[in-house]
Amino acid sequence: MSLLANRLALIHPSPTLAMMTKAAELKAKGIDVISLSAGEPDFDTPTTIQNAAIDAMHKGMTKYTPVDGILALKKAIQNKFKKDNHISFELNEIMASTGGKQVIFNALMASINPGDEVIIPAPYWVSYPDIVNLFGGIPKFIPCLEKNNFKMTPEQLESTITKNTKWLILNSPSNPTGEVYTREELEALGAVLKKHPHVYIMCDDIYEYLVYDGVPFYTLLTICPELKNQVLIVNGVSKAYSMTGWRLGYGAGPQALIKAMVMLQSQSTSNPSSITQAAAVEAISGPQDFLEEWRTSFVKRRDLVWFAINNIPGLSCRKPNGAFYLYINCEKLIGKTTPKGNVLTTDNQLITYLLEEGNVALVSGDAFGLSPYFRISYATSESVLEEACRRIKKAVEDLH
């Protein structure tokens, strides 16, 4: 009899974390590897947020809190939705968790029965299908092609919904493509969803504040308030405030669902870190002026990498308006041969080659459900990005 549960066969280690680990192992051996696989900003958490955490510790805020978060945090989240998204939530429709991933995990655990279908536009964040699989759900992938700007069309959505559909997961700005749904696109998707009240919509808005070029951010509920009983918004402080290690996400949605998610959390992690909650109150409610400086920096980095990649024969990519990723089309490199005589037949093999011969760690399109592509995270310094692009260019030129 096996010690391990059969359900573990339904999931796989995170490909992004696996690549980070592999890069770290090479670095430990003294190899100069540049890792562009991690989805986290290189900026320090702003000092005002750090100081809020220190003050909380000095004030003795080191004990258990309510499972769903302290009142000050829930009110800060409530005010954020009113101010930024023009959505009103009651406090019992809001909860805080240990990162946005736990909000997603709680929601799907609380709602999925075996055989329930979850629509996931591809390319997608790597954890969505595995969490669905873990709870006996069935991921239903919609291929969102580059010719459609990697976005799902209303016709695709309509044709994929069945009586067994429980959820649609909608991520904008997108990881891994950085694409942002427009008001008109959300209106069109909302028109489809209004016809299917049995379908719940998870809006993963974690990159909300990282939009560029004057492109506005909209969450679906702002555009279609009549869907309020069907929508769960997932957000957090990791990306916008460079707080990935602090682990604080939050969800807002139907009270019955939030109540169930809180119950599950009470039997798993209990409350998020009390100190992190104090820091998150400052992040959400405090000064936001640094965000414009960060966005300006991200635009420069995006443009640098976009220009460099599009000048490497065999590679191309769109210029997205959000997040901090580029999704690189590498179709023209498939079938080429490495200097060691290995034929590249997949994007997985290509990124392995770029790691081993170019010393640059990336993530393959296969991990995100749409090949042949690979993802670059440009959330690091311009000098590092310039060197990484130089290495990629040389490695690609060495193919024949």
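Residues numbered from 1 in each chain as written. Predicted model: local features only at pLDDT ≥ 70, side-chain atom pairs only at ≥ 80, totals over all residues. Heavy atoms only, no water.

A. Structural detail: the overall build of the protein. Scanning the protein from N- to C-terminus turns up 13 helices and 12 strands. The C-alpha atoms of the protein give a radius of gyration of 21 Å, which matches the 21 Å a tight globule of 400 residues would have. For the protein, the spread of C-alpha atoms along the three principal axes comes to 60 × 55 × 55 Å. A buried classification covers 55% of the 400 residues belonging to the protein. Partitioning the contacts of the protein with sequence separation of at least 6, the portion at a separation of at least 24 is 73%. By element, 54% of the accessible surface of the protein is carried by carbon and sulfur atoms, the whole surface being about 17,100 Å². Mean positive and mean negative side-chain charge positions of the protein (38 and 40 charges, respectively) differ by 3 Å. (Helix = DSSP H or I, 4+ residues; strand = E, 2+ residues; numbered from the N terminus. Rg over C-alpha atoms; globule rule 2.2 N^0.38 Å. Buried < 20%, exposed > 50% of the residue type's maximum accessible area, 1.4 Å probe, protein only. Contact = heavy atoms within 4.5 Å. Areas by Shrake-Rupley, 256 points an atom, 1.4 Å probe, with all protein chains shown as cover. Lys, Arg positive; Asp, Glu negative; His and termini not counted. Charge placed at Lys NZ, Arg CZ, Asp CG, Glu CD.)

B. Main features of helix 10 (residues 274-285). In this model, helix 10 (12 residues) spans 17 Å end to end at C-alpha, consistent with the 16 Å of a helix rising 1.5 Å per residue. Among the 12 residues of helix 10, 9 are classified as buried, and the element is accordingly described as predominantly covered. Looking only at helix 10, the buried set comprises S274, T276, Q277, A278, A279, A280, V281, A283 and I284. (Expected span 1.5 Å × (residues − 1).)

C. Looking closely at the environment of G245. When you line up the elements, G245 lands in the loop between strand 7 (231-236) and strand 8 (249-252). Overall, G245 belongs to the exposed group, its relative accessible area being 66%. Remark: the alpha-carbon pair of G245 and L17, spanning 228 residues in sequence, is separated by 14 Å.

D. Spotlight on the sheet that holds strand 11 (residues 363-364). Spatial ordering of the open sheet is given by 9-12-11, a layout of 3 strands whose pairing is antiparallel. The sheet is open, and its two edges are formed by strand 9 (325-329) and strand 11, each paired on a single side. Summarising the sheet, strand 9 and strand 12 (residues 373-377) pair through 5 bridges and their orientation is antiparallel. From the neighbouring strand, L326 faces strand 12, where its bridge partner is I376. (Pairing = 2+ DSSP bridges.)

E. Region of interest: the pattern of salt bridges. Summed over all chains, the structure comprises 21 salt bridges. A salt bridge links K151 to E185; its shortest N-O distance comes to 2.9 Å. Here K151 is found in the loop between strand 4 (138-143) and helix 6 (154-160), whereas its partner E185 is found in helix 7 (residues 183-193), with 34 residues between them in sequence. Residue class for K151 comes out buried when judged on its relative accessible area of 7%. Where R183 meets E187, a salt bridge forms, and the shortest distance between an N and an O atom there is 3.8 Å. Of this pair, R183 and E187 both sit in helix 7, 4 residues apart, which is roughly one turn of that helix. The exposure class of R183 is partly exposed, given its relative accessible area of 32%. Judged by its relative accessible area of 38%, E187 falls in the partly exposed class. (Salt bridge = Lys/Arg side-chain N within 4 Å of Asp/Glu carboxyl O.)

Scope: geometric values only; no functional claims are made or implied.
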